[in-house]
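Per-entry structural report
Each chain, written out:
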Amino acid sequence: LSYTRPSISSPSSVFGTSSAALSSSSSSSMSTTSNSAKPTNAWYQNFLLLPNDTEPTVHNRAYAVPHVLDAAGPIPGTVFGPSSAALSSSSSTSTTSNSAKPTNAWYQNFLLLPDDTEPTVHNRAYAVPHVLDAAGPIPGVRVHPPRVIGEKKVVRVDFVERHGLTLGASAEAAKAKPSGGGGAPLPPLSKRYEVADGRHLTPLGITLKWTDDLMMKGNNGDDESPTSSSGGIAGADSSSVSSFFEMTSPVVRGMPYATVRYRFRPRRGRRNAAHDYNNDNAGDDDDDGDANGDDSPLLLLLPAVVSEIALRSPPLIDGHVELECSSSANDPRHETTAAAGATVSDDVRLTFDQSDFTWLVFFSRPARVTCSENRDGSGEPAFVLRVVDVVVERTKDAPSAYEEEEEDDDDEEEFTVGEEEGDVGGAWGGMEDRGRGRRVGGGGSEEARRLTVRIALSSNCTSGRNPTYCSGGDGGVGNDDDDGSEYESLLRAHSDVYPGPETSVGYDFFTPGTTKEEDGEAKVNEEDDDEGGAPPPGAARVKFDWDARSMSLEDGGSEIEEEEEVEDGGNHLLMFALPHHMDAFADSPSYGGVPDSDSNGDSPPSYAVIPADDDDDDNDHGAPRHFCHFCQPTLTGPACPFFGSTWSYVEPLPTLRFTASRPPVPEMIPTLIDALAKDIDYDIPAHYRRGAGDTYFSGKLLARLGRVLMIGEELRGLRRWWWEEEEEEDDGGGDGGEIGEHSAARDGAESPFLRRERSAAGRHRPDEDENADFPSLPLEYDLSSATSPPSDVDALANLVPSSRAAAADSSDLPPSSSFVSALERLRSGVEVWLDGSAETPFVYDAAWGGLVSCGCLFEGDTGKCRDNVNKDGQMHCPAFDDPGLNFGNGHYNDHHFHYGYHVLAAAVVARFDPEWGRRNFENVLLLVRDIATPFESTGGEGSGGGGGDHSFPPFRHKDFYAGHSWASGIDPSPPYLNGRNQESSSEAIAAYEAVGLYGDAMVRAFTASSVDDDNDGDASLIARAAHVRDAGRLLAATELRSSDRYWHVRLQGEEEDAGGDDDAGTKNGESPSSLLPVPVPPASLYPEEYDERVIGVMWNTMAQFQTWFGNDPFLAYGIQLLPLTAISEERDDLKWTKSMYPAFASSCEESAVCTEQGWSILQLAVLATVGRRSDASERALSVPPESFESAGGNGHSLTNLLWYIATRPNVDDPLPLNAERVGFGHAPGADAETDGVVPGSAKNAEEEAKAPIDEGGDNNDGDENGGVDVDVDVDVDDGDCPPCPEEICRGGSDGLGHCPVKAAPYVCTDGPSRGGCSGAPWTVSVEGDEGGPCRGCCKLGPECGDGR
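The sections below set out a description of the structure shown in this document.

Cut-offs used in this document
Residues numbered from 1 in each chain as written. Predicted model: local features only at pLDDT ≥ 70, side-chain atom pairs only at ≥ 80, totals over all residues. Heavy atoms only, no water. Helix = DSSP H or I, 4+ residues; strand = E, 2+ residues; numbered from the N terminus. Buried < 20%, exposed > 50% of the residue type's maximum accessible area, 1.4 Å probe, protein only. Contact = heavy atoms within 4.5 Å. Areas by Shrake-Rupley, 256 points an atom, 1.4 Å probe, with all protein chains shown as cover. Pairing = 2+ DSSP bridges. Axes fitted to C-alpha atoms, helices over the stretch in contact; angles between N-to-C directions. Core = buried A, V, L, I, M, F, W, Y, C linked by side-chain atoms within 4.5 Å. Salt bridge = Lys/Arg side-chain N within 4 Å of Asp/Glu carboxyl O. Left-handed = near helix turned anticlockwise from the far one by under 90°. Nonpolar A, V, L, I, M, F, W, Y, C, P; charged D, E, K, R; others polar. Parallel < 35°, antiparallel > 145°, perpendicular 65-115°, else oblique. Disulfide = S-S within 2.5 Å.

What follows covers the overall build of the chain. Each helix and strand in the chain was counted, giving 30 helices and 44 strands. When burial is assessed residue by residue, the chain has 58% of its 1348 residues classed as buried. Put simply, 73% of the contacts in the chain that link residues at least 6 apart link residues at least 24 apart. Accessible area for the chain stands at about 52600 Å²; split by element, carbon and sulfur atoms hold 47% of it.

Take a look at the structure:
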């Protein structure tokens, strides 16, 4: 008997359209479900129990071992196409060629378009120099020329939305309405878009696509609602339009034009009964509901340019013909016939009244255009320019639209179909010549026709009447010459070539000064170094390929061969470069056509600045423009035009190491050993040892112990070096060179490491200690080399008596057993997050493609995660429900910050335990791949050599055009108007440093294994590890360059280049030498109103002096300085640290929170950097131990702080400090030039005793904490932050109650910083203020618990 189950318990459509979804295939394999019966008890059964018409939840999951997978994450919408296949694999190396999707891209707001909603102004991207969105009056891209506004603590990009210009498609009526006939108004098109396909999501651009299906999407004829919920036409679909119609727009970084490519194909239309303009459905004999008997469709989609403000003057065709516009806005068909309007060969010039903007519109081929104006304020667009006809060339090689064309009836034929009134002519009407019964254009082929249209702003100050852009002549586009004609000529000259959809970033590594052959040999001769493999390359060649295409060619997008373009010197691709690009171009070994010996045999980079004279045919690269010539203001400084189908430059790679490039100064070694003796026993909190909790602070604490181990091993290495030198001296070794000189300098001195009496039988060597089974690593610097780092090696060997006398026996290094124990704790602490046993497990999110933490609702009283098992006995991941949990890790926030700390800890373990490293290589690589998966490679040079990773998007956080990373991910909804953001530039640098160090550790591990086992099988693993190492170095190098340029602020008047060369720049930003083909950007990039020395949070379109967790100045400075690792020396330029230290110190000393939360640790690091090492070391010993356990300091240790202070290079001119203030910083307004001594040291006791009383009458007696007693409660005005309600106080489900009550009790409850914790009251902004971080706050009181 057959029984049909009730629908409530029947299988849902998850099995497909029918039971055949699991039906038998042609294969007889027993491995398949070869019939219509379905699994009922499978381990993945929860995936099958998805009810119809419902979204998957965390219940629909499976434990695949070792990970749990579900489909309930923040899933991509249909913006990616009808399915995930929109990002399917291709063979291109330039794209995201896998199913993983970008989560932190500069264009992410375009991807965060919910299903069944229309795009808004939130769905936009700052392409530089313009902002683009898809929320204009018609489907298409709207271009906003921005202005840069500077305020005291905020710099932002702003624009007037109505002043933007939209390039897209408009809907028109295809038939004339009989005189006196009725008819409904034409409803709007849907503006929804899709990503063109996976190949068109690249680091440099995204391609948006609109189709007739999308634009006509409706609700199937509901007359009560003329448009669907998504804005589509009621009852209309693509069969209602005149032909197949599709448009795509590549949105690419640095483009001065917006480009839309149109494709159309003939399609027999049908009538749309929802709106019958002719009222003649009755008696219709054909298939379209039209009694006329022809197949004319109701609607017509036309390329269009639309403005929401009125023109100042008529459109100017080809520079001399004024186009007369219709003013009848209520007749949507009047200007759509082929006989209307005028033919454009070159361009249309549009000048608008309110904005004072002038735009140029370019076409890939001659086109017939009409225009209409609406000045009655009815809500219709104020101006519309429509393309109603194009010329379709039949020849294979079509002439450029800018060349003079001879009439030739045999070569081309203008499309004008139907001459009688009411018929629509042109390519957009029907494609069939009914009168002659044949197809016209293209020899009867029905292949898709193409047209490309581009728009560009030629002036934002046309008449000088717009004070926003014209004030003082600053920031104007095209107004640097009298009439703007020079910039217009530039735009016209380069209008034909546009950046295509398949842009790419490539790189390859090389050693400067070597040939390609030598460089290749170095890569394969791994046996040169048994321990470390071949020397790493010293530089990377970075290449931007803009996929340059010519719109005038018949196919609308043939790729331009680079060689032809460079030789031709004509219609080059014009793109804008940012200040750090120009820095990199100028610093590259070859530029401007002058090859250099370090260029590795390659041709010079194919870029050039605009020549001084456009008509100078003898000098293609010419003298450079002045810096301000044609440059445009952006958020991060002026962007200047360059041309070329590719850009390339050489990026020097930093040498990554665990130690500084010099040993600690000898006088600090005893103190450093004392700190090490305590910190080597640091025990990671119990809940983190179980893998319970967040991935950020757990990673910081793991890295903390790892740093202590590496510092300890450095000191052990120095001790070994001392013994080796002593033994060589006693054995009579040496030839009187370096070693003999150092030995002589040590006469009468004793090493700080020798605290034991030497017995009659001989010395007690350090490696003779009991349990001395801890591995030894070589020092990372050469103390005996004549080219050793700038350190007094003699002083290290011959300690001054005062230092030796101050060192007690307890200052000897900890025994090896302490190191062994510490390594074991670190090893197990790292493993728990990698092997699937963590209470807060990692899961793979197949929807976006990433490794995310499941999340932990931590309960402080139990030290455990709240039970994540729901009432149905199923586990769920709270990280997917709460975008604020774990800093939004489940929504792809801050992955590089979090995972960088874990990877660093793994690198330390692998360095000491290579076998562990080899065994856990793939597991650690999951973390690395999530943040640093390289671009896919097909083996071609310059592609990056990644090999392709189908599980993670390439370089998740890195914006290669901006040079830095973006930390924020896929939330909230709607997305932040200002786009992506990144707070801590220093943690991004440290994350990539960790990747490089891990790669280096694994090169050593696999090389040692290969040598020990005489096994060539590790060669591929060595190559993989080397690529991890070098990719990390490249990511760190680019992050260093951009962070120093954009986060480290030089103020107006500090006219030095970012690299510290005082003579490199001038006040006007001119190149210092006419020989340089690259303009030199000024040191100061931000408006003079911004007077802070650092950026706290960088957004796509805003830079703020604040943080997500508070607005105290020391927070904004401190978050750009942690962690303290070896790369920090390259990160923090000396001139910048000198300029920022007074403000940082002043803010820190004014608040007890700075010390309580550990931010003063970073202030002391800067104090040592600016030349005050002895003062910093003294103050470091006064930092309360609790500071190293707080939010700002818990990634540090006293050992690490002292190590950092002790390894700072000597400074010839230390920063003068005011003797009247003995705290960590300056007195506000103090004259830093009046006294150059550091208070607090013994030699300055007399000067301190004479210190005058300040104006307030307080005699500052120089207490250890900078005049602030950290044990005394400080009364703080709670401002706009009332006491928190009980649900927040008790740690409600929204997670707002997690802030530490003592250290940071002020909780932001609304706004961009929601959930942020601050030690001071939040400044509450008014509703709608995009610049404000917080729109509501409350204060946690003692009743909220003392455990936080």
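That covers the picture; the talk isn't over yet.
This next bit is on the sheet that holds strand 26 (residues 504-510). Here three strands make up an open sheet; going across it, the order is 26-27-34 and the pairing antiparallel. The sheet is open, and its two borders are formed by strand 26 and strand 34 (646-652), each paired with just one other strand. Each strand axis lies, on average, 20° off the axis of its neighbour in the sheet, ignoring direction. Running at roughly 70° to strand 34, helix 8 (residues 579-587) makes contact with strand 27 (539-545) and strand 34 of the sheet. Lying on the sheet, helix 21 (residues 1019-1046) is in contact with strand 26, strand 27 and strand 34; it crosses strand 34 at an angle near 100°.

Okay, the pairing of strand 27 next. Of all seven residues making up strand 27, five are buried, and the element is well covered by its neighbours. Both strand 26 and strand 27 contribute to a ladder of seven bridges, which runs antiparallel. By the bridge assignment for strand 27, Gly 506 is matched with Lys 543.

Counting residues in hydrophobic clusters, the biggest one holds 249 residues, and the most contacted among them are Leu 709 and Tyr 998. By residue number, the principal contributor to this core is helix 11 (residues 695-730), which donates 13 residues. Apart from residues no more than four positions distant in its own chain, Leu 709 is found in contact with Ile 680, Phe 774, Phe 819, Ala 822, Leu 823, Leu 826, Val 908 and Phe 912. If you look at the next biggest cluster of nonpolar residues, it comprises twelve residues, including Cys 1284, Cys 1299, Val 1301 and Ala 1304.

Look at the link from Asp 971 to Pro 972: it is a cis peptide, with omega at 0°. Checked against the element boundaries, Pro 972 lands in the loop between helix 19 (921-932) and strand 39 (981-982). For the peptide bond that leads from Leu 1122 to Pro 1123, omega is -5°, which places it in the cis range. As for its position among the elements, Pro 1123 is in the loop between helix 22 (1113-1118) and helix 23 (1128-1131). In this structure, Val 128 is a non-glycine residue whose phi angle is positive, near 70°.

This paragraph deals with the pattern of salt bridges. By the definition in use, this model includes 47 salt bridges. Its salt-bridge partner being Arg 465, residue Asp 353 comes within 3.3 Å of it at the nearest N-O pair. Residue Asp 353 is located in the loop between strand 17 (347-351) and strand 18 (358-363), and its partner Arg 465 is located in the loop between strand 24 (449-459) and helix 4 (467-470); the two are separated by 112 residues in the primary sequence. With a closest N to O distance of 3.0 Å, Arg 549 and Asp 547 form a salt bridge. For Arg 549, a relative accessible area of 13% corresponds to the buried category. Look at the salt bridges and you will find they share partners, linking Asp 133, Arg 142, Glu 161 and Glu 308 into a network.

To continue, consider the packing of helix 17 (residues 895-912) against helix 19. The axes of two packed helices give the description: the angle between them and the distance between them. Relative orientation of the contacting elements helix 17 and helix 19 amounts to 145°, with a least axis distance of 10 Å. As for the relative orientation of helix 17 and helix 19, their crossing is left-handed in sense. Contacts between helix 17 and helix 19 involve His 895, His 896, Tyr 899, His 902, Val 903 and Ala 906 on the former and, on the latter, Val 924, Leu 927, Val 928, Asp 930 and Ile 931. Taken together, the residues that form the contact of helix 17 with helix 19 break down as seven nonpolar, three polar and one charged.

So, about the packing of helix 8 against helix 21. The geometry of helix 8 relative to helix 21 is characterised by a closest axis approach of 10 Å and an angle of 125° between their N-to-C directions. What the angle tells us is that helix 8 and helix 21 run oblique. Crossing of helix 8 against helix 21: the hand is right-handed. From helix 8, Pro 579, His 580, Asp 583, Ala 584 and Asp 587 reach across to helix 21, where they touch Arg 1041, Ser 1042, Arg 1045 and Tyr 1046. Residue composition of the contact of helix 8 with helix 21, by class: three nonpolar, two polar and four charged.

Attention now moves to helix 26 (residues 1160-1169). Most of helix 26 sits inside the fold, with ten of its ten residues counted as buried. Those residues of helix 26 lying buried are Ser 1160, Ile 1161, Leu 1162, Gln 1163, Leu 1164, Ala 1165, Val 1166, Leu 1167, Ala 1168 and Thr 1169. If you follow the buried residues of helix 26, they end up packed against helix 22, helix 24 (1134-1149), helix 25 (1152-1156), helix 27 (1173-1180) and helix 28 (1198-1206). Just downstream of helix 26, Gly 1171 is the residue with a positive phi angle, here 105°.

For the coordinates displayed, the defined rule picks out eight disulfides. Disulfide partner of Cys 461: Cys 470, at an S-S distance of 1.8 Å. Because the torsion about its S-S bond is 135°, the bridge between Cys 461 and Cys 470 counts as right-handed. Here Cys 1284 engages in a disulfide with Cys 1338; their sulfurs sit 2.1 Å apart. Between Cys 1284 and Cys 1338 the sulfur-sulfur dihedral comes to about 90°; the bridge is accordingly right-handed. Here the residue Cys 1284 occupies a position in the loop between helix 29 (1245-1249) and helix 30 (1286-1289), and Cys 1338 occupies one in strand 44 (residues 1336-1339), the gap between them amounting to 54 residues.

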